[in-house]
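# Examination of the molecular architecture
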Amino acid sequence: MENTLRLAVQKSGRLSEGSMKLIKSCGISVSNGIGKLKAKAANFPVEFFFLRDDDIPGYVADGIADIGIVGENVIVEKQKPVDTAHRLGFSKCRLSIAIEKAAQYNGPQDLQGMRIATSYPNLLGKFLDENDIKAEVHEISGSVEIAPSIGLAKAVCDIVSSGSTLFTNGLKEVETIFNSEAVLIANKALSEGKKKVLEQLLFRIKSLQQAKNNKYILLNAPEKNIDAIIEQLPGMRSPTVLPLAQKGWVSVHSVINENDFWAKIEDLKAAGAEGILVVPIEKMIL
Ligand code: PRT
Ligand code: ZN
């Protein structure tokens, strides 16, 4: 029991679905009923705390929770002492500066002396310092995009994903100052027992991520060309080669990185490969 990891996840918002989907894909079952603040997993030593995302770095830094899933933008902004254990690849977004559509922009110097509304004063302040710009940072906690239209600020610095919020508010993105995605954070002083459980969880997460980037490939090829085929498909250790019922032909099974597939397909075909199947992999352990 004492090694049960207390995991802080966002109660409801843009991180919630991705966080719970990841946990479930790791084979961990939990029922997170609406309104629940805590839940225990049935088959893995983890207990969930459902919180506002802004509170997660502090809870993990203070050891109220052991680990948490939160946007990297929030971690960097809050400057709490936590370890980033792993990048999770979902809830991707960027923190950008935007100004009115009609305004001229030739570079960061154009922000000199401007009033900029944001919920990210630290990240924005760092960007301004690095570019030697003196601007007035006006911190607000929400609805940042309406600041220029109500005369509160000339520019905004806010999270952007599709860009449609900026567009519908008559703004244009002029600088991206930070790229973010969901990350798994951990308390800096986890006990050895909890570290072991975290390693098990990370092992499962990494197996899923590996699997996502790779595909299982099956093809038929003339046996005489097998060397050329194997050269294209080194696989995990080496590909599986099985004889077909038709003499002189073999079936080759291997694993291929999704990004390499289209680059290699011409060479495979040139080596006589046919009947090529590419199928998703659910989990992959190297
Ligand atoms: O209630 P709680 O405090 O927990 O949630 P919240 O409202 O503070 O956060 P939430 O759920 O909006 O976002 C949680 C995290 O999701 C953020 O910290 C980011 O890491 C990530 N994320 C990904 C986003 C977006 N995409 C996003 N599009 N966070 C916010 N937005 C907002 C943005 O602020 C702007 O209002 O969406 C609008 C822009 O979206 P587009 O698609 O129009 O560009
Ligand atoms: Zn929040």
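See the structure above.
Rules of the game
- Residues numbered from 1 in each chain as written.
- Chains lettered and ligands numbered in written order.
- Predicted model: local features only at pLDDT ≥ 70, side-chain atom pairs only at ≥ 80, totals over all residues.
- Heavy atoms only, no water.
- Donors = N, O, S within 2.8 Å, 3.2 Å for Na, K, Ca; no water.
- Tetrahedral: all angles 85-135°; square planar, octahedral: opposite > 155°, others 65-115°.
- Buried < 20%, exposed > 50% of the residue type's maximum accessible area, 1.4 Å probe, protein only.
- Near = heavy atom within 4 Å.
- Polar contact = N/O pair within 3.5 Å; in protein donor to acceptor, adjacent residues only side chain to side chain.
- Areas by Shrake-Rupley, 256 points an atom, 1.4 Å probe, with all protein chains shown as cover.
- Helix = DSSP H or I, 4+ residues; strand = E, 2+ residues; numbered from the N terminus.
- Contact = heavy atoms within 4.5 Å.
- Pairing = 2+ DSSP bridges.
- Axes fitted to C-alpha atoms, helices over the stretch in contact; angles between N-to-C directions.
- Phe/Tyr/Trp six-rings, centres within 6.5 Å; stacked < 30°, edge-to-face > 60°.
- Lys NZ or Arg CZ within 6 Å of the ring centre and 35° of its normal.

The zinc ion (ligand 2) binds to the protein through Asp53 (OD) and Asp54 (OD), with metal-donor distances spanning 1.9 to 2.1 Å. Metal-centred angles of 76 to 172° between the four donor atoms at the zinc ion (ligand 2) mark the site as irregular. Of the residues examined, Asp53 reaches a relative accessible area of 18% and is grouped as buried. Take Asp54: its relative accessible area is 31%, and that puts it in the partly exposed class.

Another point: the site of ligand 1. With respect to spatial proximity, 21 residues lie near ligand 1, and among them Arg14, Asn73, Ser162, Gly163 and Thr165 are the closest. One of the backbone N or O atoms of Ser161 is found 2.8 Å from an oxygen atom in ligand 1. Burial of ligand 1 by the surrounding chains reaches 79%, relative to a free accessible area of 830 Å². Listing elements by their share of the shell around ligand 1, those giving two or more residues are helix H3 (72-78), strand E9 (155-160) and helix H5 (164-168). When residues in the shell around ligand 1 are grouped by element, the largest group, three residues, is from E9.

Mapped onto the fold, Lys78 is located in helix H3. Judged by its relative accessible area of 36%, Lys78 falls in the partly exposed class. In this structure the C-alpha to C-alpha distance between Lys78 and Pro121, which are 43 residues apart in sequence, comes to 9.8 Å. Setting aside residues no more than four positions away along its own chain, Lys78 makes contact with Asp54 and Pro57.

Take the pairing of strand E6 (residues 93-100) next. Working note: regular strand, side chains alternate between the two faces of the sheet. Here E6 lies mainly inside the structure; six of its eight residues are buried. Note that E6 and strand E10 (residues 171-180) share eight bridges and pair antiparallel. Across the sheet, Cys93 pairs through a bridge with Ser180, a residue of E10.

Taken in spatial order, the six strands of this open sheet run E2-E3-E1-E4-E11-E5, and their pairing is mixed. Strands at the two margins of the open sheet, each flanked by one partner only, are strand E2 (38-40) and strand E5 (83-87). Neighbour-to-neighbour, the strand axes of the sheet open up by a mean angle of 25°, direction not taken into account. Alignment of E5 against strand E11 (residues 182-186), held across four bridges, turns out to be antiparallel. Note that in E11 the partner of His86 across the bridge is Leu184. Relative to strand E1 (residues 5-10), helix H1 (residues 16-25) is tilted by about 145°, and along the sheet it contacts E1, strand E3 (46-51) and strand E4 (67-71). Each of E1, E4, E5 and E11 is contacted by helix H6 (residues 192-213), which is oriented at about 25° to E5, the strand it contacts most.

Turning next to the packing of aromatic side chains. Counted under the stated rule, the structure contains two aromatic pairs. Considering the side-chain rings of Phe48 and Phe50, the 6.2 Å spacing of their centres and the 10° angle between planes classify their relative orientation as stacked. Take Phe50: its relative accessible area is 5%, and that puts it in the buried class. Measuring from centroid to centroid gives 4.9 Å for Phe261 and Trp262, while their planes differ by 75°, and the two rings are edge-to-face. Looking at Trp262, the relative accessible area reads 67%, which means it is exposed. The ring of Phe167 carries Lys101 above its face, with NZ or CZ at 4.1 Å from the centroid.

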